[in-house]
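Observations on chain architecture
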Amino acid sequence: MEIERKYLIETPPEHYRSYPSCSIEQAYLCTAPVVRIRKEDDTYYLTYKSKGLLAREEYNLPLTEAAYRHLLAKADGIILTKRRYRIPLEGTDYTIELDVFAGHYDGLILAEVEFPTLEEAERFQPPAWFGRDVTFSGEYQNSRLSMGMLPDKGL
């Protein structure tokens, strides 16, 4: 089960580039249900996600590079590219995954925080630099972004 909150970021913290990061490329074979392929640095996998916004089932299966390339040619929509920074959230056991998009969505920045329980997700108080909570709108789900459905940012 994946339980996460998602936030739109206007101004990231000053030294975010100093945190560990990885390069991500991902594409969608299907968006209902979500079937995604992802390259994270030199690791490849296929992910299935059930419906949901705050909480949903998620399953990851490893892929070879050849399988990833084969499936990438069959993907629908936009191939998303981003750099993900993993920033420890001070005073907690949580990690902020700060996604800085490149390519089609250059300039878009989103932050996600995963939680072990729904109760912790509902009690979460974001840091001051977080922007609008977009968890429950679904507007910034990557599967929607892959279809070119970005609201109000004009990107």
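Residues numbered from 1 in each chain as written. Predicted model: local features only at pLDDT ≥ 70, side-chain atom pairs only at ≥ 80, totals over all residues. Heavy atoms only, no water.

**Some words on the nonpolar core**
In this structure, I9, I96, L98, V113, F115, F124 and F130 are the most contacted members of the largest nonpolar core, which totals 19 residues. Mapped onto this core, the elements with two or more residues apiece are β1 (2–8), β7 (76–88), β8 (95–102) and β9 (109–114). Beyond its immediate stretch of four places on either side in the chain, V113 contacts I3, E4, R5, Y94, T95, I96, F124 and F130. (Core = buried A, V, L, I, M, F, W, Y, C linked by side-chain atoms within 4.5 Å. Buried < 20%, exposed > 50% of the residue type's maximum accessible area, 1.4 Å probe, protein only. Helix = DSSP H or I, 4+ residues; strand = E, 2+ residues; numbered from the N terminus. Contact = heavy atoms within 4.5 Å.)

**Points about the pairing of β9**
With five of six residues buried, β9 is to be regarded as a mostly interior element. Relative to β9, β1 is paired through five bridges, and the arrangement is antiparallel. Paired with L8 across the strands is L110, a residue of β9. Sheet topology note: the β8/β9 ladder contains five bridges and is antiparallel. Looking at the pairing, V100 lines up with I109 of β9. Counting the residues in the hairpin turn of β8 and β9 gives six residues, including G103, whose phi is positive at 65 degrees. (Pairing = 2+ DSSP bridges.)

**Brief notes about the pattern of salt bridges**
Counted according to the given criterion, the structure contains 14 salt bridges. A salt bridge links K49 to E2, with the shortest nitrogen-to-oxygen separation between them at 3.4 Å. Taken together, the positions of K49 in strand β4 (residues 43–49) and E2 in strand β1 put the pair 47 residues apart, joining distant regions of the chain. E2 gets classed as buried once you look at its relative accessible area, which sits at 6%. Put simply, K6, K82, R84, E97, D99 and E112 are held in one network by salt bridges that share partners. (Salt bridge = Lys/Arg side-chain N within 4 Å of Asp/Glu carboxyl O.)

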